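Understanding the architecture of this molecule
Below, each chain spelled out in residue letters.
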Amino acid sequence: MTQAHPRPQEARPGWLAGQSAGVRLARHSLTLVALAVVLLPFADLAILTRDPWAELGRMARGLAWPAWGALETPLEALGLTVAVALWGTLGGIVLGFPLALLFPRSRLIRAGCAFARAIHELFWALLFLQVFGLSAATALMALAIPYAGIFAKVYAEILEQIPGAPRDALPSGIGRLSRFVYSELPLAWTRLAAYTRYRFECALRASVLLGFVGLPTLGFQLETAFREGRYHEAGALLWLFYLLIASLPWWGHRRLLPLLALGSAMLLGPWPALEGGLLWRFVSQDIWPPALLEGDWQGLIAWLARIPDLGPAIGNTLLLGLLGSVGALIVALVLWPLACRHFGNPATRLAGRGLLVFLRSTPELMLAFFFLLLLGPSLLPAWLALALHNGALIAFLVARHADAIRPGMPELGASGRLAYELLPRLYPGILALLYYRAEVILRETAILGMLGVATLGYYIDANFEYLLFDVAFFLLLVTAALNIAVDALSRRLRPGESAIIEDPCQR
Amino acid sequence: MAGEPRSPLVAFEAKDLGHGDSVVLSRLTLTLCPGERVALLGPSGAGKSTLLGALRRRLGDSAAWCPQQHGLVPQLAVYHNVYMGRLAEHSALANLWNLVHPLAGPWREVADLCDALGLDGLMRRPVAQLSGGQRQRVAIARALYQQRALFLGDEPVASVDPHQALRLLALIDHRHATSVIALHQRELALSHFDRVWGLRDGRLVIDAPAGELSLADLDGLYPDADTDADGRTGDAASRDRP
């Protein structure tokens, strides 16, 4: 009745204009990509080997025809890999669970956990190597300490999110422990167990990597075989590792774990002869600049001046972190539809899933090592490795999440389903996962330095090698500070809590 | 209204009740006397849960509490959920052991209760696998197991059929001298309780013996869907803590 004259038509929005969540996130992502493109000229992306394709062919042949017979004591290395992963994770739980209960209340514990998390397992290994040598103690502590920090944070988050109704319904006067085991722990149990399981899988990868610093796990033989060009042997070892990961649901069954833990404890070793004096000297003297211990401030400034210029190394670390994250985003966006039930046919889906499992179970250092042999030492192999591994990991989670979505208009074509039904629902989650991964990616950029990529890790590795523990430890602190800063930044940038794909394996 | 010979268990005198800063029930005046069975009526969002919460705080350990969302732990068995009513009476060690292997005494007592509530044979079943009505009975069993003199229930018979509701209320009456129970079955309120408190828009508009009230009086509490919707938004807003 009141509509006397037609209202003027609403103006058509311009390119990517508007305030809807989708458009906002698209602008956000494009800014990220643009930043990476602008900074790309500063990265050293040269291909330095003369004939990468011939090398690639040899590697592919090695993977296709593994030389099983050439392996020396593979079962022993395999057993030690599992033992270190299992006991390292258990150590992390034992240390991390009590910390998780104190985590919300103590700023000191939160800071300590952030520090333990910010240093990669391999760097912890390098540190403990100086005290405990090539022993099981080094391997276990290298896993248990960072994992304690991770468990403390994640367990605390899970416990914080349980519904409060059962706790509020209880009568008063119940002790803290009874309240916890009846009205809190059962509600959190499934998620705690799922996350712990995922962490154990990470621990298996990390345990393999410990071979790269000389501990006799699977990675030791793998690295030697790769470095010496015995690709058929390396292929056999890689297959062994994939079989180990793929068969995890069977041998890692809940009921078998106690048996496995006891059995594998026998394989741990050798144990170091612990010298208290040596340990104390390392902790109290070796890792600190002598000038600091003497209170000589002039000397400390001179010591700082002698440290090589860290600007380029920090720049490379951050640049690689950014490039790796953007690369992972692109890889994830390309790969997830391959493994998702809404696209393709059973054969393509099987192939897609196989590819994702392959990429995400290969330790990123392994991938980087592979590309390094192929392309020579520049940022390029590190970038490819980070983008592929993390992109595949995100794609895997997104595909699983997409499988659970029931499209409102199932008759749409593939492109329509992707653009209108699935991507709008999934993209906030993809971006949130990416920001979670950004911290992990940065931590990994540092360890890629051990392969000769000029990040902070390169200098840490070199200083440990020259036995300059004070400089190495200082660089570790710088790395940790950088990681904590980037973690804080990514937490601010990532989409809100509601967007996050609910999965224990997101971090 | 005054002139009760016995001293009241709880007496509110022009009291404001709410969560934090937001007042849900303003200037509330009422008394609860020993031996009274009170039905608490009112549209959702009128402040029933707020009033029960305030009573629970006042009465402390003398009241058994049966909350609206049941407050059960879905992963634990029926037995353990009922046992939780008396967690405070055992040592932490006994409570831990009870999770591994049920204590003999409590197992027998809970089994008797479960028989009375029609939950027999379900004691070892996780609560997550029960139907809505069964869960409600588990919540009542837990409140009964506390063995207190008073019973406070926030819609404990909301999702069971009328026949069963009568049986459950009789069981509650049998074991508690005094009770305050939020309901939405008006007929039950008149037939089964001594007194009715009626809340509307955050005010106590009915406080009278059940015998002096008619269904028409109670209808005044639920005027139309409009008020109900208002009440709901008010309730939601008060629950949105910063």
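Residues numbered from 1 in each chain as written. Chains lettered and ligands numbered in written order. Predicted model: local features only at pLDDT ≥ 70, side-chain atom pairs only at ≥ 80, totals over all residues. Heavy atoms only, no water.

1. Considerations on the overall build of chain A
Put simply, the test is: A run of H or I in DSSP counts as a helix once it spans at least four residues, and a run of E counts as a strand once it spans at least two, with each numbered from the N terminus. We take the radius of gyration over the C-alpha atoms and set the globule estimate at 2.2 Å times the residue count to the 0.38 power. Each residue gets one of three labels from its accessible area relative to the maximum for its type: buried under 20%, exposed over 50%, partly exposed in between, using a 1.4 Å probe on protein chains only. The contact criterion used is simple: two residues touch if any of their non-hydrogen atoms lie within 4.5 Å. Positive residues here are Lys and Arg, negative ones are Asp and Glu, while His and the chain termini are left out of the count. Each charge is placed at NZ for Lys, CZ for Arg, CG for Asp and CD for Glu.
Tallying secondary structure elements over chain A gives 23 helices and zero strands in all. Computed over C-alpha atoms, the radius of gyration of chain A comes to 25 Å, within 12% of the 23 Å expected from 2.2 N^0.38 for 507 residues, which places it in the range of a compact globule. Dimensions of chain A, computed from C-alpha atoms along their principal axes, come out at roughly 95 × 75 × 55 Å. For chain A, with 507 residues in total, the buried portion stands at 53%. Across chain A, contacts joining residues at least 24 apart in sequence account for 78% of those joining residues at least 6 apart. Within chain A, one finds 39 positive and 33 negative side-chain charges whose respective centroids are separated by 11 Å.

2. What about the interface of chain A and chain B?
Much of the literature gives interface size as the accessible area that the parts lose upon coming together. Heads up, the condition is: Buried area is a sum: the accessible area each of two parts loses on coming together, probed at 1.4 Å, counted once for each and added. For this analysis, a polar contact is any N or O atom pair within 3.5 Å, provided that within protein one partner can donate a hydrogen and the other can accept it, and provided that sequence-adjacent residues contribute only side-chain to side-chain pairs.
Counting from both sides, the interface comprises 16 residues of chain A and, opposite them, 25 residues of chain B. Between chain A and chain B, roughly 1600 Å² of surface is buried when both sides are summed, and carbon and sulfur atoms account for 66% of that area. If you sort the residues of chain A by the area they bury against chain B, Ala169, Pro171 and Tyr182 of chain A come out on top, with a joint share of 39%. Applying the counting criterion to the chain A and chain B interface returns seven residue pairs in polar contact (both at pLDDT 80 or more). Among the secondary structure elements, those contributing two or more residues to the side of chain A that touches chain B are α7 (165–169), α8 (176–183) and α9 (185–209) of chain A. No other element matches α8 of chain A, which puts five residues into the side of chain A that touches chain B.

3. A short note on the side chain of Thr479 of chain A
All names here are of chain A. Looking at the secondary structure, you find Thr479 in helix α23 (residues 469–493). A polar contact of 2.7 Å, which involves the side chain of Thr479, links it to the backbone oxygen of Leu475. Setting aside its immediate chain neighbours within four residues, Thr479 contacts Ala446, Leu456 and Ile460.

4. Some points on the nonpolar core
Where a protein is soluble and globular, its nonpolar side chains tend to be buried together. This is how it is decided: Side-chain atoms within 4.5 Å link the members of a nonpolar core, which is a set of buried Ala, Val, Leu, Ile, Met, Phe, Trp, Tyr and Cys residues.
In this structure, Phe123, Leu204, Phe226 and Trp336 of chain A together with Leu117, Leu183 and Val196 of chain B are the most contacted members of the largest nonpolar core, which totals 213 residues. With sequence-adjacent residues up to four places away left out, Trp336 of chain A is seen in contact with Phe343, Ala395, Val398, Ala399, Ala402, Leu418, Leu422, Leu423, Leu426 and Ile430 of chain A. Leu17, Trp65, Ala182 and Leu199 of chain B belong to the second largest nonpolar core, which has 23 residues in total.

5. Observations concerning the packing of aromatic side chains
Condition: In this scheme Phe, Tyr and Trp rings, the latter by its six-membered ring, pair at centre separations within 6.5 Å, and the angle between planes marks the pair as stacked below 30 degrees, edge-to-face above 60, and tilted otherwise. Either the NZ atom of lysine or the CZ atom of arginine qualifies as a charge over a ring when it sits within 6 Å of the ring centre and within 35 degrees of the ring normal.
One pass over the full model with this rule turns up 26 aromatic pairs over all chains. Each ring, one from Phe282 of chain A and one from Phe469 of chain A, has its centre 5.4 Å from the other, and the planes form 70°; the classification is edge-to-face. Here Phe282 of chain A is found in helix α14 (residues 276–286), whereas its partner Phe469 of chain A is found in helix α23, with 187 residues between them in sequence. Seen in terms of ring centroids, Tyr458 of chain A and Tyr459 of chain A are 5.4 Å apart; in terms of plane orientation they differ by 85°. Their pairing is edge-to-face. Members of the aromatic cluster, joined through ring pairs, are Phe97, Tyr147, Phe151, Tyr155, Phe180, Tyr195 and Tyr198 of chain A. Across the ring face of Tyr145 of chain B, the terminal group of Arg86 of chain B is positioned such that the distance to the ring centre comes to 4.1 Å.

6. Side note on the packing of helix α5 (residues 121–132) of chain A against helix α6 (residues 136–160) of chain A
Residue and element names in this part refer to chain A. In plain terms, the rule: Axis lines are fitted through C-alpha atoms, for helices just across the contact stretch, and the angle between N-to-C directions can take any value from 0 to 180 degrees. Here roughly perpendicular refers to angles of 65 to 115 degrees, roughly parallel to angles under 35, roughly antiparallel to angles over 145, and oblique to all remaining angles. Less than a right angle of anticlockwise turn of the near helix away from the far helix marks a crossing as left-handed, whereas a clockwise turn marks it as right-handed. Just so you know the grouping, Ala, Val, Leu, Ile, Met, Phe, Trp, Tyr, Cys and Pro go in nonpolar, Asp, Glu, Lys and Arg go in charged, and all remaining residues, Gly too, go in polar.
Taken N-terminus to C-terminus, the directions of α5 and α6 make an angle of 140°; their axes are 8 Å apart at the nearest point. As far as their axial angle goes, α6 and α5 are oblique. Once α5 is placed against α6, the crossing between them reads as right-handed. Contacts between α5 and α6 involve Glu121, Trp124, Ala125, Phe128, Leu129 and Phe132 from the first element and Ala137, Thr138, Met141, Ala142, Leu143, Ile145, Pro146 and Tyr147 from the second. Among the residues forming the contact of α5 with α6, the class breakdown is twelve nonpolar, one polar and one charged.

7. Observations concerning the confidence of the model for chain A
We count it as follows: pLDDT is a residue-level measure of predictor confidence that goes from 0 to 100.
For chain A, mean pLDDT is 87; residues scoring 70 or higher make up 96% of the total. Scored below 50 in pLDDT, residues 502–507 of chain A makes 23 contacts in the model with residues more than four places away or belonging to other chains.

8. Here's the deal with the environment of Ala404 of chain A
All names here are of chain A. Residue placement: Ala404 occurs in the loop between α20 (379–403) and α21 (414–448). Exposure remark for Ala404: the relative accessible area of 67% places this residue in the exposed category. For the pair formed by Ala404 and Cys340, sequence separation is 64 residues and the distance between their alpha carbons is 9.8 Å.

9. Re a nonpolar patch on the surface
To keep things clear, this is the line we draw: Residues enter patches when they are more than 30% accessible in relative terms and free of salt bridges; like-charged ones are connected within 9 Å and nonpolar ones (Val, Leu, Ile, Met, Phe, Trp, Tyr) within 5 Å. All accessibility values rest on the Shrake-Rupley procedure with a 1.4 Å probe; residue burial counts only the protein chains present in the view. Within this document, salt bridges are pairs made up of a side-chain nitrogen of Lys or Arg and a carboxyl oxygen of Asp or Glu, the two lying within 4 Å of each other.
On the surface, Trp288, Leu292, Leu293, Trp297 and Leu477 of chain A cluster together into a nonpolar patch covering about 490 Å² of accessible area. Among the structural elements, Leu477 of chain A can be located in helix α23.

10. Brief notes about helix α19 (residues 364–375) of chain A
Residue and element names in this part refer to chain A. Note the cut-off: Helices are assigned an expected span. That span is 1.5 Å times one less than the residue count.
Helix length check: α19 (twelve residues) gives 16 Å between terminal C-alpha atoms against 16 Å at 1.5 Å per residue, within 8%. Burial analysis of α19 places ten of its twelve residues in the buried class, the great majority of the element. Buried within α19 are the following residues: Glu364, Leu365, Met366, Leu367, Ala368, Phe369, Phe371, Leu372, Leu374 and Leu375. In the stretch just after α19, Gly376 is the one whose phi turns positive, near 85°.

11. Digging into the pairing of strand β3 (residues 37–41) of chain B
Residue and element names in this part refer to chain B. What counts here: For two strands to be treated as a pair, DSSP must find at least two bridges joining them.
Buried residues dominate β3, accounting for five of its five residues. Going residue by residue along β3, you find Arg37, Ala39 and Leu41 tucked away on one face and Val38 and Leu40 tucked away on the opposite face as well. With four bridges joining them, β3 and strand β6 (residues 178–182) adopt parallel strand pairing. In the sheet register, Ala39 faces β6, and the bridge partner there is Ile181. Relative to strand β7 (residues 195–200), β3 runs parallel, the two being bridged by four bridges. What sits directly across from Ala39, in β7, is Val196.

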